[in-house]
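A structural walkthrough
Now for the letters of each chain:
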Amino acid sequence: MTRHTLLKVSAATAATAAVAPGAALGDSERPTARAPEMLPLTLKVNGESKQLNVDTRTTLLDALREHLHLTGTKKGCDHGQCGACTVLVDGRRLNACLTLAVMHQDAEVTTIEGLGTPDNLHPMQAAFVKHDGYQCGYCTPGQICSSVAVLKEIEAGIPSHVTLDLVSSPEATADELRERMSGNICRCGAYSNILAAIEDVAGSQKA
Ligand code: FES
Ligand code: FES
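What comes next is a walk through the structure. (Residues numbered from 1 in each chain as written. Chains lettered and ligands numbered in written order. Predicted model: local features only at pLDDT ≥ 70, side-chain atom pairs only at ≥ 80, totals over all residues. Heavy atoms only, no water.)

A few points about the overall build of the chain
Check the secondary structure of the chain and you find seven helices and five strands. N-terminal to C-terminal, the α/β element order of the chain is α-β-β-α-β-β-β-α-α-α-α-α. Counting across all 207 residues of the chain, residues that qualify as buried make up 36%. Long-range pairs, those at least 24 residues apart, make up 53% of the contacts in the chain between residues at least 6 apart in sequence. Of the roughly 12400 Å² of accessible surface on the chain, a fraction of 55% belongs to carbon and sulfur atoms. (Helix = DSSP H or I, 4+ residues; strand = E, 2+ residues; numbered from the N terminus. Buried < 20%, exposed > 50% of the residue type's maximum accessible area, 1.4 Å probe, protein only. Contact = heavy atoms within 4.5 Å. Areas by Shrake-Rupley, 256 points an atom, 1.4 Å probe, with all protein chains shown as cover.)

So this is what it looks like as structure tokens:
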């Protein structure tokens, strides 16, 4: 059998296999597709109240990107593994791809678009520019939202996996920052510059 005939036979077999299950069912036995369940949802996004009507399966990430056209929040994996979708919800960071929009009725959501504007950058955005904390920029919105939350977590005395002293307040040391930022992947390898940017903001917040 030539390679060409083999490909033809494989394609025909695959087509038969794909058709067979449906063909075996009568029209009355076919499962009917259920209409999506829709729910109204109010979110306060970057200070503005937004009314949505979403399929209950819609993630917060897709609600932001597809419904509200806030494309600053990125989708790198859609599985909670890269951190590109990190936003602040009621002041705490979370992976917007791992949570359903309808779970956040009336929540305050801050995305990268709400942290600062090109003319009035948030100090963390300015520090990322100053220290070259990015290259392609795709992980950057998530990195910046995460960094802002990390400094708040340290300030609130929340320990991390590398905090040795669980009695005193944690400090914004390089180890603490690296550990706390480890859920945000950067394939451009901007990690040292990201660390420098966060240390800069942490230092000026202290001063
Ligand atoms: S897109 Fe949410 S963690 Fe990767
Ligand atoms: S800047 Fe490109 S992935 Fe981080």
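More follows now that the structure is in view.
What about the sheet that holds strand β5 (residues 108–110)?
Sheet architecture is open: five strands sit in the order β2-β1-β5-β3-β4, paired in mixed fashion. The strands lining the two open edges of the sheet, one partner per strand, are β2 (48–55) and β4 (92–95). With direction set aside, neighbouring strand axes in the sheet form an average angle of 40 degrees. Two strands pair when backbone bridges link them, and strand β3 (residues 86–89) and β5 are joined in this way by two bridges, in the antiparallel orientation. Bridge pairing links V89 to V109 in β5. Along the sheet, helix α2 (residues 60–67) makes contact with β1 (38–45), β2, β3, β4 and β5, crossing β2 at roughly 105 degrees. In the packing of helix α5 (residues 140–155) onto the sheet, the strands contacted are β3 and β4, and the crossing angle to β3 comes to about 45 degrees. (Pairing = 2+ DSSP bridges. Axes fitted to C-alpha atoms, helices over the stretch in contact; angles between N-to-C directions.)

Side note on the nonpolar core
Soluble globular proteins: nonpolar side chains tend toward being buried together. Judged by nonpolar contacts, the single largest core of 24 residues is most densely connected at L115, M124, F128, I144, L151, L177 and I198. For this core, the elements supplying multiple residues, two or more each, are α3 (112–115), α4 (123–130), α5 and α7 (191–206). For this core, the element with the most residues is α5, which contributes seven residues. Ignoring any residue separated from it by four or fewer positions in sequence, one finds I144 in contact with I112, L115, M124, Q125 and F128. (Core = buried A, V, L, I, M, F, W, Y, C linked by side-chain atoms within 4.5 Å.)

Quick notes on α4
Taken together, the buried positions of α4 are occupied by M124, Q125, A127 and F128. Down the axis, α4 shows its buried residues gathered within 160 degrees of arc, on one side only. Structural note: α4 exposes P123 and K130 on the side pointing more than 90 degrees away from its buried face. In the segment just after α4, D132 is the residue with positive phi, at about 55 degrees. (Arc of directions from axis to C-beta.)

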